[in-house]
Every structure is written in C-alpha cells, then in structure tokens.
Amino acid sequence: MSDKVAIFDTTLRDGEQAAGTRLGSREKLTIARQLARLNVDIIEAGYPASSPEDFVAVQLISTEIEGPAICALSRAVASDIEACGKALAKAKRPRIHTGIGVSDIHIMGKFRDEKYGTTLEEKRATLVQMAIDAVRLARSYTDDVEFYAEDAGRAEPAYLFEMLQAAIGAGATVVNIPDTTGYTVPEQFGALIRSITENVPNISRSTISVHCHDDLGLAVANSLAGVANGARQVEGTINGVGERAGNAALEEVVMAIRTRGDYFRVVTGINTTEFCRTSRLVADMLGMAVPPNKAVVGGNAFSHSSGIHVDGFLKQRETYEIMRPEDVGFSDSRVVLTARTGRHGLRDRLEKLGYALSQGELDLTYQRFLRLADKKQEVFDEDLVAILHDEIHPVPETYQLEYLHIYSGTSAIPTATVRLRVRGDLREGAAVGDGPVDAACKAISQVAGSSANLVRYEIRAVTSGTEAMGEVTVNLEAAGRRVMGRGASTDVIEASARAFVDGLNKLAGFAG
Ligand code: KIV
Ligand code: ZN
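Reference entry: report on the structure contained in this document. Note that the coordinates shown come from a computational prediction; the quantities given were computed from them, not determined experimentally. (Residues numbered from 1 in each chain as written. Chains lettered and ligands numbered in written order. Predicted model: local features only at pLDDT ≥ 70, side-chain atom pairs only at ≥ 80, totals over all residues. Heavy atoms only, no water.)

The next thing to look at is the overall build of the protein chain. In terms of helices and strands, the protein chain carries 17 helices and 16 strands. Expressed as a percentage of its 512 residues, the buried residues of the protein chain come to 52%. Sequence-distant contacts in the protein chain: of pairs separated by 6 or more residues, those separated by 24 or more amount to 63%. Seen as two clouds, the 56 positive and the 68 negative side-chain charges of the protein chain have centres 3 Å apart. (Helix = DSSP H or I, 4+ residues; strand = E, 2+ residues; numbered from the N terminus. Buried < 20%, exposed > 50% of the residue type's maximum accessible area, 1.4 Å probe, protein only. Contact = heavy atoms within 4.5 Å. Lys, Arg positive; Asp, Glu negative; His and termini not counted. Charge placed at Lys NZ, Arg CZ, Asp CG, Glu CD.)

As a further point, take helix α5 (residues 120-139). With 20 residues, α5 ought to run about 28 Å at 1.5 Å a step, and its terminal C-alpha atoms sit 29 Å apart, in line with that. Those residues of α5 that are buried lie in contact with α3 (78-87), β4 (94-101), α4 (104-110), β5 (145-150) and α6 (157-170). (Expected span 1.5 Å × (residues − 1).)

This part takes up the site of ligand 1. In the vicinity of ligand 1, the contacting residues are R13, D14, H97, Y148, E150, N176, P178, T180, H211 and H213. Side-chain polar atom of R13 to an oxygen atom of ligand 1: 3.0 Å apart, as the coordinates give it. Within the side chain of D14, an N or O atom sits 3.1 Å from an oxygen atom of ligand 1. Its atoms largely coinciding with the cavity grid, ligand 1 occupies the second largest pocket. When contributions to the shell around ligand 1 are tallied by element, the ones reaching two or more residues are β5 and β6 (174-179). Looking at the shell around ligand 1, its residues break down into two nonpolar, five polar and three charged. (Near = heavy atom within 4 Å. Polar contact = N/O pair within 3.5 Å; in protein donor to acceptor, adjacent residues only side chain to side chain. 1 Å grid on protein atoms, 1.4 Å probe; cavity = no way out; pocket = protein on both sides within 12 Å on 5 of 7 lines; lining within 4 Å. Sits in = over half its atoms within 2 Å of the grid points. Nonpolar A, V, L, I, M, F, W, Y, C, P; charged D, E, K, R; others polar.)

To continue, consider a nonpolar patch on the surface. There is a patch of nonpolar side chains on the surface, built from L454, Y457, I459 and V492 and spanning about 320 Å² of accessible area. With three residues, strand β14 (residues 453-461) is the single largest residue contributor to the nonpolar patch. Looking at the secondary structure, you find L454 in strand β14. (Patch = residues over 30% accessible without salt bridge, like charges linked within 9 Å, V, L, I, M, F, W, Y side chains within 5 Å. Areas by Shrake-Rupley, 256 points an atom, 1.4 Å probe, with all protein chains shown as cover. Salt bridge = Lys/Arg side-chain N within 4 Å of Asp/Glu carboxyl O.)

Once that is clear, we can look at the coordination of the zinc ion (ligand 2). In this structure, D14 (OD), H211 (NE2) and H213 (NE2) serve as the protein donors to the zinc ion (ligand 2), at separations of 2.0 to 2.1 Å. Written as a sequence motif, the donor arrangement for the zinc ion (ligand 2) is D-x196-H-x1-H. In this pair, D14 is assigned in the loop between β1 (6-9) and α1 (25-38) and H211 in strand β7 (residues 207-212), connecting sequence segments 197 residues apart. You'll find D14 and H211 in the same group, each marked buried. (Donors = N, O, S within 2.8 Å, 3.2 Å for Na, K, Ca; no water.)

This part covers the layout of surface pockets. If a probe the size of a water molecule is rolled over the atoms, the empty space left behind becomes visible. Taken as a whole, the largest pocket spans an internal volume of roughly 920 Å³. Lining the largest pocket are 33 residues, and of these D383, E471, R486, G487 and A488 lie nearest its centre. Of all the secondary-structure elements, those providing two or more residues to the lining of the largest pocket are α14 (359-375), α15 (381-391), β11 (399-407), β14, β16 (481-489) and α17 (492-511). Among the residues forming the lining of the largest pocket, the class breakdown is 13 nonpolar, six polar and 14 charged. In this structure, the lining of the largest pocket is formed jointly by two domains, domain 3 (343-391) and domain 4 (399-511), each of which donates at least three residues. Reported here for the second largest pocket is a volume of approximately 510 Å³. In terms of lining, the second largest pocket is formed by 25 residues, of which the most central are L73, R75, K110, Y148 and E150. In terms of residue count, the dominant contributor to the lining of the second largest pocket is β4 (four residues). Taken together, the residues of the lining of the second largest pocket sort by class into ten nonpolar, eight polar and seven charged. (Points joined across faces, edges and corners; volume = space filled by probe spheres on them. Domains from an automatic or database assignment.)

Time to look at the side chain of N222. With respect to the element layout, N222 can be found in helix α8 (residues 219-228). Within the local environment of N222, its side chain forms a polar contact with the backbone oxygen of T184, the two atoms lying 3.2 Å apart. Not counting residues within four places of it along the chain, the set of residues in contact with N222 comprises D179, T184, V185, P186, F189 and C212.

Going through the model one piece at a time under the given rule, you end up with 35 salt bridges. Where D41 meets K4, a salt bridge forms, and the shortest distance between an N and an O atom there is 2.9 Å. You can see D41 sitting in the loop between α1 and β2 (42-46) and its partner K4 sitting in the segment before β1, a full 37 residues away along the chain. Assessed through its relative accessible area of 17%, D41 is described here as buried. Among the ionic pairs, D80 bridges to R75, the shortest N-O distance being 2.9 Å. Relative accessible area serves as the criterion here: at 2%, D80 is assigned to the buried category. Among the charged side chains, a network of salt bridges with common partners joins D104, E121, R124 and E156.

All right, on to the sheet that holds strand β12 (residues 415-422) then. Spatially, β11-β12-β13 is the arrangement adopted by the three strands of the open sheet, whose pairing is antiparallel. One side of each edge strand has no neighbouring strand; the edge strands of this open sheet are β11 and β13 (425-432). If you compare each strand with its neighbour and ignore which way they point, the axes differ by 15° on average. Across eight bridges, the pairing between β11 and β12 is antiparallel. From the neighbouring strand, Q400 faces β12, where its bridge partner is R421. Packed on one face of the sheet, helix α16 (residues 436-448) meets β11, β12 and β13 and runs near 140° to β13. (Pairing = 2+ DSSP bridges. Axes fitted to C-alpha atoms, helices over the stretch in contact; angles between N-to-C directions.)

Bringing the pairing of β13 into the picture now. Pairing of β12 with β13, which is carried by eight bridges, proceeds in the antiparallel orientation. By the bridge assignment, L420 is partnered in β13 with R427. Counting the residues between successive antiparallel strands, the hairpin from β12 to β13 contains two residues, one of them, R423, with a positive phi of roughly 45°.

Function cannot be read off these values alone, since they describe shape.
Next comes the structure, spelled out in structure tokens:
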C-alpha cells in the first residue's frame, strides 16, 4: 500500500455550503490559486449543475489552475454528470465525483418515489444500477472518476460493500466513504475502512477516500482513523468550514500526519508553510473568523502565557511546542504578557526591548506590571516601556495639561484652546487643525514652543462599549530623537492631548 495520502480539498464545494456563505467565481479562483500553492492534490471546485455561477466557477478554475486535479460534483443523474463534463472540459486533470445515498435512511427518505421500487430491497437494487450507469457515463468524460457512497457511516456494511464493488467494476478509480452526518466514532469508522479493504473483492483497483463531517467534533479523528486503517485520500476543508458543524479541517489532518509520522507512517505532499495564509484568506472570503484557540492556525496556537509554560518554553521550546510555528506559516511563537506570565517571561521581553534591569528594578517593574495586567487582558510592549519610565527612569513633568477645550463639528473648523503649566508658569494658546486631534496637538506645540513632529499615532479601546477607555500612543521626533508618549481617557481627544504632552515631557527630559 502506498505511503502517500492524497489531500482532497472541498472548501469551494462542501466548505461553501456553510450557512450564510456564498463565493463568486472570481473569489473561488483566488482561493483555488492559494490551494494550488498549498499543493493540495485535488481541488473540488463546485457542483456545476447546481447553478450557472457554480458552472462558471468550475470552468474558470479548470482553465486557470495547473497542478492539482480539478474535480466537480454530481448526483448519479445524467444531466449532472454532463454538466461536470462540460465545466471540466479545459482542465488538465479533470475528475468527476458522482455518487448516491447508501444508508437505509437515505434510501427510504430520498428515494421514496415508487419509480425506484416499493421495498427496501428493490430500491437498493435500483440505486446500485444508477451508480453503475453514473460511473460509466462519467468515465466517458474522464478516466478519473470518484464514487461517493453518501451516508456510508450509517449504512448497512454488506450493502455498502456491494455498492462499492459495483462502482469499482463500472470504472471508479477512487471510492469515497463519507460520514455525511458525523455520526461515527473513530474506532468504528476505522473498522469500517478496514472492513472495506477486506470485503470488497476489487478494492485494490481503487483508492479509498474518507470524507468526515464534524457534528460530534470527531471529523479529524475519524479521518485519521481512516488513514490508519487503509484510506489513502482525505477530504476536508480549510479551517474545517462546511455544512452544519463543518468538515474535517485539512490543516489539522495534515499536521497530525506530519507531526505523528512515527504513528501514521504516511506522508502528504502539502506545503504546510502555506497553511496560515490559506486559512486567513478563506476566513476573509467566507466571513468566518478563525477562533484564537483553533488548532494549527488559530492566533493563540503558538502563544504562551502562563508562568510555568513561558519559563519552560524559553528554556527549551519543545517543552510546550510539538510543531514549529514557521512550519505552518507563522513567523514565530509569541509570549503573551498577562498576569500569569511570571518574572522569567517579563525579564526576557524586557531584554528583547533592550532593557537590562537589576534584580531590584525587575522586582519593582514586576509589581507594576502585575497591577496593570490585572486590569488588561494583555500587556503590550508600549505598556512595559511606560512602566519603566515611571518606575526606573521617571520623566520630570515639564509640561502639565491644565485645560483643553475643543470646538468641532460637521461644519466647523476644528479649533483647540489649551492651557499648560510649563515649569510652574501657566500658558495658554489656540490653534486650528485638520481635525480636533490635530488642532489639540498644534495648540500644545505652540504653547510649549516645541517643533516636535508627530510621526505615529495609534488609538485603541482598552475597555468595550461606547464609554470605552481610549488609549493613545504617539511617537514624537525632535533633534534626531524619537520618543513615545501615552495617554488614556474616556475622551479620545483628551487621551490624544495627554499622549502628546507625555511625549513632549520625554523629549524635554533628554534635552534637560
Ligand atoms: O458529506 C457528503 O456525503 C458529501 C458527498 C456529496 C461527498 O459531501
Ligand atoms: Zn460532505
């Protein structure tokens, strides 16, 4: 048996069936290009008979994309298969994916019309013949035909074997065993795949594919159980998007196979460093954000925060990481500074920022850090620098903001009046600007007699809601020196003015 597992991506077909999502053909093409960079083996581009837009998407991807095989889905219905044949006409490596339901629930529910027979036995026989006809018709368009036995996870095994044998006999080169409803559990699904290898006489003429849904959160585990028991193609989607709870997340399947090569003893041809980029693209295009704790591609997948973990990770990365972030496309691991980070993590970050502190200074900074971390979810580098300036290198308050008045509106020229205490003296001034923040900064510069340039301005909400606390960070530059100023207030213009004054105080500290 081959040790290569083919990766069949169905983000553009089953993935796009996720509730509330719809991709146009150009968007599908953009994703298909990225899937080709990821080096998936097969791209299922759509279901051409379902809509003119899907037909065009399959046609466009067939024309433009080289590398992976391009696959189109159909029911075991002649008009569906003909639509696939036409849409795939320009593909270098076309595949038609056709099939039919095999569980009693599907047979009795979807094929209840008497034209398929009156008893379960009669209907089963009709469906086998429909499968044979469908595969034969598909083979008249391409040599690469995949047959899906829908709801195989709940089918009666003997009938499933009979159906697969018939489909392979008719020319199916791949047989897909979908757990359509995500009903099976790994041990059972693995045993089902094993039993197919043992009970379908012509199975060696075909590759077994697994296609698992995530209704019980088991899609990846079931897919891997399939691989461990003989499947050599896995179907899934990027980020696990798809119908209901979605499909098996391909990034998880592939990284499990790679990370646990000692166990699975198979390989894929995936360029795993493209996973992050692909994940972000799919999330953006489908409007489905990736949860931070998502395995492999989530924002926190390589973040460390608790003291024990950070300490171990900084001593030896493998203590808390089983994959390297760069192998899936992250630039690096991240230590997130929170109340649980611990001194080792804090000292490491301060050193990276260029501050070598004595033990006493570190203790002082750590206490302030803890107080801040209790209020904020994450402490940023700018916060640390501010703490250092307060505790270790206090900045004299040359300028103090006493008063700020802003006149602004949709049809008014923004004007700011400020009063500063400058080395004990009160001074006032006013200025107009492009906006209220600009006016406030200009008025402050004028009163302080400063020619500092504002080179960076950033604002973020520290709390949520319309009454949120705004935190402004500015970078000011004067005489070849750049400093950072910070200010916070529920009034974002006041926060901006305070940040500007803070920056001026730092510049004055250097000058003095
Ligand atoms: O889940 C499923 O059974 C499918 C088939 C159409 C392959 O998506
Ligand atoms: Zn599916």
